[in-house]
Amino acid sequence: DWSSCLLAKKILVDTRQHVDYFAKTFYISIGKMIAVPIGADEDIFYPRPDSLPHSRMIIHFHGTFIPLQGVRTIVAAAVLAKEQPWIFRIVGNGQDFAKIQEIVREQELVNVELVGKVSLDEVPGYIAAADLCLGIFGATNKTLRVVPNKVYECIAMRKPVLTANTPAMKEHFSNEKNIFLCATDDPQSLYTVMHRVMTDPGLIEKVARSGQELFRKRFSAPALVVQLLTCLDYQL
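The sections below set out a description of the structure shown in this document. (Residues numbered from 1 in each chain as written. Predicted model: local features only at pLDDT ≥ 70, side-chain atom pairs only at ≥ 80, totals over all residues. Heavy atoms only, no water.)

Our next topic: the packing of aromatic side chains. One pass over the full model with this rule turns up 8 aromatic pairs. Relative to Phe-219, the ring of Tyr-152 lies with its centre 4.9 Å away and its plane at 70 degrees, an arrangement referred to as edge-to-face. Placement of Tyr-152 in helix 6 (residues 149-156) and of Phe-219 in helix 8 (residues 201-219) is noted, with a sequence separation of 67 residues between them. Pair check on accessibility: Tyr-152 and Phe-219 agree, each one buried. In this arrangement the basic side chain of Arg-48 is found over the ring face of Tyr-46, its NZ or CZ atom lying 4.3 Å from the centre. Lying across the ring of Tyr-21, Arg-145 places its NZ or CZ 3.8 Å from the centre. (Phe/Tyr/Trp six-rings, centres within 6.5 Å; stacked < 30°, edge-to-face > 60°. Helix = DSSP H or I, 4+ residues; strand = E, 2+ residues; numbered from the N terminus. Buried < 20%, exposed > 50% of the residue type's maximum accessible area, 1.4 Å probe, protein only. Lys NZ or Arg CZ within 6 Å of the ring centre and 35° of its normal.)

The final tally for this structure, using the stated rule, is 0 disulfides. Distance from the sulfur of Cys-5, which forms no disulfide, to the nearest cysteine sulfur (Cys-231) is 17 Å. The class of Cys-5 is buried, set by a relative accessible area of 5%. There is no disulfide at Cys-182, and the cysteine sulfur nearest it, in Cys-133, is 14 Å away. Looking at Cys-182, the relative accessible area reads 4%, which means it is buried. (Disulfide = S-S within 2.5 Å.)

Core analysis: the biggest nonpolar cluster contains 33 residues, and Phe-88, Leu-134, Leu-162, Leu-190 and Met-194 have the highest contact counts within it. Ranked by the residues each element gives to this core, the list is headed by helix 7 (residues 187-198), at 6 residues. Setting aside residues no more than four positions away along its own chain, Phe-88 makes contact with Ile-59, Ile-74, Ala-77, Ala-78, Ala-81, Asn-111, Val-112, Glu-113 and Met-194. (Core = buried A, V, L, I, M, F, W, Y, C linked by side-chain atoms within 4.5 Å. Contact = heavy atoms within 4.5 Å.)

So far we have only geometry, and geometry alone does not tell us how the molecule works.
Given below as C-alpha cells:
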C-alpha cells in the first residue's frame, strides 16, 4: 500500500476519515488524495414494490459477517427485542456466520431469520420488504472510517437506515434527517433507537424520503462524476 501510494499521482478514497488515515499511516500528502463517496449501482438498487410475503415488521441487514459490520451487536439487540412484533432478517454469509447461528440457537431467537447467501440480484427484493435497514455497528477502527455499501444501497431504494454514529457517517448524514444513528457496538443503544423508529411511521417515511433525495443529489452516478472531475480540476 505504501509503495502504491508513493507512486500514484492521485489517490482516490471514499471518506475524509480515510484521507487522514492514509496521510498518517503512509506519510502521504493530503493534497495528493481525493475523497469521493462510493455510491451504489442504480441499475440494481432503486425503489421497487415489496414482493416478499411477511406478517410482521422487518428489520433488514445484508453483509458478509466481518467484525466491522457488528452482526453480533444486531443479534444482541434482537435479544432485547424478543417481545416486539419485529423480524430481524439477516442476509448473507461469511466470517462470523457460524458464531451468529450458534447465538441464535442458544438464545432461541425466533425473531431472527438467517437467510444465508443470496445473489446480488436478489438483495434488492429483501431491502424492498424491509421497514428499517441496518448498517454497521462493529468495534473496529475501520468501522469509524467507512460509509458501507449497504447504506448507499438502501437509501437509493428509499429505505430508512439505522447505523453507528461514526465520524465517517457524519461527513454526509444528519441524525433523524436522512439517517438514524446509534452508539457504536452498543446493543442497548441500537434497540432504543429501533424502538423509537419502529413506533413512528411518520418519522420512518420522512427519513426514507430525505435519504433518497440525498442519494440523488450527492451519491448518484452523475453527482459522483461531477465530484470526481471537480477534484481533478477537469474542465466540464
